[in-house]
Amino acid sequence: SSAGKTAPTAAQNAAANPSGEKTGPQTATISLDDDPVMGDRKKAKVAIVEFSDFECPFCQKFHKDSYDTLVKEYVDTGKAVISFRDYPLPFHEPKASLAAETAQCVKESKGDAAYFKFSKLYFENTVSNGKGLTEDALNEILVQSGLNPSLINECATSEKFKDEIAKEEKKESERKSE
């Protein structure tokens, strides 16, 4: 019951949050632009945008433990779409950017479905934490994804999508500073 209770004063709120940082729910506007999307855009009412690093051990854990359930319950039922944004972290380099480049080359070559198949296999097989995959393991994942490893590797090492990946990092940094 809230009877007899008063709302916290501005001074009490300031004492509880001395840094002055925004707390509580906040809103950000994010578009799906040209990033890979899984699900039916016309039917879904919600878009889940994942900012992720292929070498992040916590992202890997999410993909191993929860991702399939999220897809089954929300994407497969048409309630939501999911989009992936490459967000390689500097302390996972150079493997994180190489994985992001590779994934973008997969998308360019075979589309969104191949991108998500590749990303699933990558998260299932990477050592993570910046250690990545051996060249043979990466090539095996590309073959399992129905791709030509030499063409995808040539694309990835050319850093063709370096600006696209950096754009995603910049968008997320700007969103955080809002």
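In case you missed it, the structure is sitting above this.
Below, the structure is looked at part by part. The model shown is predicted, which means the values in this text are computed figures rather than measured ones.

## What to know about the sheet that holds strand E2 (residues 46-52)
Phase 1 of the analysis: Read across the sheet, 3 strands follow the order E1-E3-E2 without closing on themselves; strand pairing throughout is mixed. Every interior strand has two partners, whereas the edge strands, strand E1 (37-38) and E2, have only one.
Phase 2 of the analysis: Bridging between E1 and strand E3 (residues 80-86) involves 2 bridges; their strand directions are antiparallel. By the bridge assignment for E3, Val37 is matched with Ser83.
Phase 3 of the analysis: Contacting E1, E2 and E3, helix H2 (residues 57-75) runs over the sheet at an angle of about 150° to E3.
Phase 4 of the analysis: Here helix H4 (residues 112-125) sits on the sheet in contact with E1, E2 and E3, set at roughly 65° to E3.

## Looking at the pattern of salt bridges
Phase 1 of the analysis: As enumerated under the stated definition, the model contains 7 salt bridges in all.
Phase 2 of the analysis: Linking Arg85 and Asp35 is a salt bridge whose minimum nitrogen-to-oxygen distance equals 2.2 Å. Here Arg85, found in strand E3, pairs with Asp35, found in the loop between helix H1 (10-16) and E1; they are 50 residues apart in sequence, far enough to count as distant. Just as Arg85 is buried, Asp35 falls in that class too.
Phase 3 of the analysis: For Lys107, the salt bridge identified is with Asp112, shortest N-O distance 3.7 Å.
Phase 4 of the analysis: Under the relative-accessibility criterion, Asp112 is labelled partly exposed at 26%.
Phase 5 of the analysis: The network of salt bridges with common partners includes Asp68, Lys120 and Glu124.

## Structural notes on H4
Phase 1 of the analysis: In this model H4 runs 20 Å from its N-terminal to its C-terminal C-alpha over 14 residues, within 8% of the 20 Å that 1.5 Å per residue would give.
Phase 2 of the analysis: Within H4 the residues assigned to the buried category are Ala114, Tyr115, Phe116, Phe118, Ser119, Leu121, Tyr122 and Phe123.
Phase 3 of the analysis: Its buried side turned inward, H4 meets E1, E2, H2, E3, helix H3 (95-110) and helix H5 (135-144).

Rules used throughout
- Residues numbered from 1 in each chain as written.
- Predicted model: local features only at pLDDT ≥ 70, side-chain atom pairs only at ≥ 80, totals over all residues.
- Heavy atoms only, no water.
- Pairing = 2+ DSSP bridges.
- Helix = DSSP H or I, 4+ residues; strand = E, 2+ residues; numbered from the N terminus.
- Contact = heavy atoms within 4.5 Å.
- Axes fitted to C-alpha atoms, helices over the stretch in contact; angles between N-to-C directions.
- Salt bridge = Lys/Arg side-chain N within 4 Å of Asp/Glu carboxyl O.
- Buried < 20%, exposed > 50% of the residue type's maximum accessible area, 1.4 Å probe, protein only.
- Expected span 1.5 Å × (residues − 1).

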